[in-house]
Amino acid sequence: SAVEKGNYRHFMQKEIFEQPAVVANTLSSYVRPYDGKVALPDNDLDLSAIDRVTIVACGTSFYAGMVAKYWIEQFARVPVDIDVASEFRYRDPVLEKGSLALFISQSGETADTLAALEHSRACGQIIAAVVNVPTSAMAREADLLLPTHAGPEIGVASTKAFTCQLAVLAAFAANLARAKGKLSEEEEREIVKHLQEAPEAINDALGHDDDIQAMAHLVAPARDVLYLGRGPDYPLALEGALKLKEISYIHAEGYAAGEMKHGPIALIDDAVPVIVLAPSGPLFEKTVSNMQEVRARGGKIIFISDAKGLAEAGDGCVATIEMPEAHPLIQPIVYAVPVQLLAYHVAVLKGTDVDQPRNLAKSVTVE
Ligand code: AGP
């Protein structure tokens, strides 16, 4: 049956608000609260033999893969290579037979990713795929299918598929870590517990919708917008910038906060909104010092952090968005929400075609 918008103005808005439910639904097939274990769908792969992971995807799915690189390396201590599919296919990467290639795609039909998958297969890699459409080509091709249960995503700008991909990738990282002997039972139980907190934390983030709508006018007139983050929030900065570009047509760039001083800081003046993603934690002070450099040059900062981070460094920002305290493993899932909502409200204010932005297709099935 056809998917309806219900009480929402756009599919994108509806899909943003579906996230607590679809992330919970996705997690329910990867975590087992009754014994505190993470679980993957039945398979006969020996994950303990995996010594290298190659991640390939496009667009938003690629940014989910970037977050996964941080998790897989941190938890499982397995090195990860990551490429956008259109580069991977043609750069003749060194692929060892029996190594694991992980493809991430909402549609499961993206031409570049599919061709990369076929290349990996021909090189003898084991194929895992995180896919939202269970009947898609990639779902059929995978040795290990890791489905997301986001339901049909209609808005061209990917939202709920992204957070569901992150949920699956977190569970995958934990699983690989266990197989590699890098996770104690207690640590695994902790991870399961925190993953299960994700839907509630997303819900809390969605509670700031009105505030974010009210700050959209700070961004809508801008010609350029920068997004900054460190660690797993760096891919989130890239994702925030992509969302804004796609649907509001404002030029936006995501940068690793520490790279600012190597070039992009030259762009900063009082007409450039800078969105800073900085949960409190080990990287907080570093990001805040990059933020002060921006402020000293007149940049207008929209600061996204938790209560502790806002208390420490929120003064002098033009706007702040308070996220719930969250374990590092679920922070990227939670911080995705305000960047989605900000892009959405800016686009609505600009009057663009939010669900069908110009020049874009939902599924890019040509090279
Ligand atoms: C995201 O908002 C995009 N519209 C786009 O970047 C998308 O993520 C990309 O084309 C990959 O699509 P897929 O996940 O279906 O492979």
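Here the structure is a predicted model, which means the values were calculated and not measured.

Colleague: What is the right way to read the site of the ligand from this model?
Modeller: Of all residues adjacent to the ligand, which total 15 residues, the nearest are Gly59, Thr60, Ser105, Ser107 and Thr110. Here the shell around the ligand gets three residues from one element, more than from any other, and that element is helix α3 (residues 59–76). For the shell around the ligand, the residue count by class is four nonpolar, 10 polar and one charged.

Colleague: In this structure, what is going on with the sheet that holds strand β10 (residues 273–277)? I would like to understand it.
Modeller: Note on sheets: strands pair through backbone hydrogen bonds, and any given pair is parallel or antiparallel. With parallel pairing, five strands are arranged side by side in an open sheet as β9-β8-β10-β11-β12. Every other strand in the sheet has two partners, leaving β9 (251–256) and β12 (319–323) as the edge strands with one partner each. Strand-to-strand twist in this sheet, taken as the mean axis angle between neighbours without regard to direction, amounts to 15°. Pairing analysis gives three bridges linking strand β8 (residues 224–229) to β10, with the strands arranged parallel. Looking across to β10, one finds that leucine 226 is bridged to valine 274.

Colleague: Looking at this structure, I do not really get the sheet that holds strand β4 (residues 80–84). What am I missing?
Modeller: Pairing is parallel in the open sheet, where five strands are placed in the order β4-β3-β5-β6-β7. Each having just a single partner strand, β4 and β7 (144–147) make up the two edges of the open sheet. In this sheet, neighbouring strand axes are inclined to one another by 20° on average, regardless of whether the strands run parallel or antiparallel. Pairing analysis gives six bridges linking strand β5 (residues 100–105) to strand β6 (residues 126–131), with the strands arranged parallel. Within β6, the position partnered with serine 105 by the bridge is valine 131. Relative to β6, helix α7 (residues 160–179) is tilted by about 140°, and along the sheet it contacts β5, β6 and β7.

The rules behind the values
- Residues numbered from 1 in each chain as written.
- Predicted model: local features only at pLDDT ≥ 70, side-chain atom pairs only at ≥ 80, totals over all residues.
- Near = placed C-beta within 6 Å.
- Helix = DSSP H or I, 4+ residues; strand = E, 2+ residues; numbered from the N terminus.
- Nonpolar A, V, L, I, M, F, W, Y, C, P; charged D, E, K, R; others polar.
- Pairing = 2+ DSSP bridges.
- Axes fitted to C-alpha atoms, helices over the stretch in contact; angles between N-to-C directions.
- Contact = placed C-beta atoms within 7 Å.

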